Amino acid sequence: MIIDIPEGKDPIGYVWGEMVPGIGVAASNFSLAVYSHSTLGLREFEAARLRIAQINGCLFCLDWRTDRNGEKVEESFAGDVTEWRTTENFDDRTRMAAEYAEVYALDHHSLDDEFFERMKKLYTDAEIVELSMCLGSWLAFGRLNHVLGLDAVCVLPGHSAQ
């Protein structure tokens, strides 16, 4: 961790809540909204989220599995995300979510009309906006926590470690 955390302070709470409360609290609320208000299916949500986590290298994000009313993706899912192009375990929407996450994070300038024509065959405009906002949250905050070395001690605000 590159940030000095006072003895006895929770690193995430301190950095996000105390060091920059005007930004960190708002960022935390946005991050929580992504999990609390997403209408995307769990598999496509997790495919996109895990692909960003793999690209960011965020330790916490790689270990986290979103729980929706007791339902989580299977243990082998992260491996399928790595092999999103060829896995037989993804439907078209899940594969597209992983592809979009990868291109969004690594080469967003290549997102062209052809890509969005393919995407619009599977997702509504509202779903594309929602997924884009989710990707932005995961890319920004997962990368922020990894860069600052907070990813080894991270928990989503309002959630306990799993």
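Residues numbered from 1 in each chain as written. Predicted model: local features only at pLDDT ≥ 70, side-chain atom pairs only at ≥ 80, totals over all residues. Heavy atoms only, no water.

Taken as a whole and judged by the stated rule, the model has 10 salt bridges. Across the pair E74 and R43 runs a salt bridge, and its minimum N-O distance is 2.9 Å. Taken together, the positions of E74 in the loop between α4 (59–63) and α5 (77–82) and R43 in helix α3 (residues 42–56) put the pair 31 residues apart, joining distant regions of the chain. Residue classification places E74 among the partly exposed residues on the basis of a relative accessible area of 33%. Judged by relative accessible area, which is 29%, R43 ranks as partly exposed. What emerges from the salt-bridge pattern is a single network uniting E44, R93 and E127. (Salt bridge = Lys/Arg side-chain N within 4 Å of Asp/Glu carboxyl O. Helix = DSSP H or I, 4+ residues; strand = E, 2+ residues; numbered from the N terminus. Buried < 20%, exposed > 50% of the residue type's maximum accessible area, 1.4 Å probe, protein only.)

Turning next to a nonpolar patch on the surface. On the surface, M19, V20 and I23 cluster together into a nonpolar patch covering about 280 Å² of accessible area. Summarising the element assignment, M19 is placed in helix α1 (residues 11–19). (Patch = residues over 30% accessible without salt bridge, like charges linked within 9 Å, V, L, I, M, F, W, Y side chains within 5 Å. Areas by Shrake-Rupley, 256 points an atom, 1.4 Å probe, with all protein chains shown as cover.)

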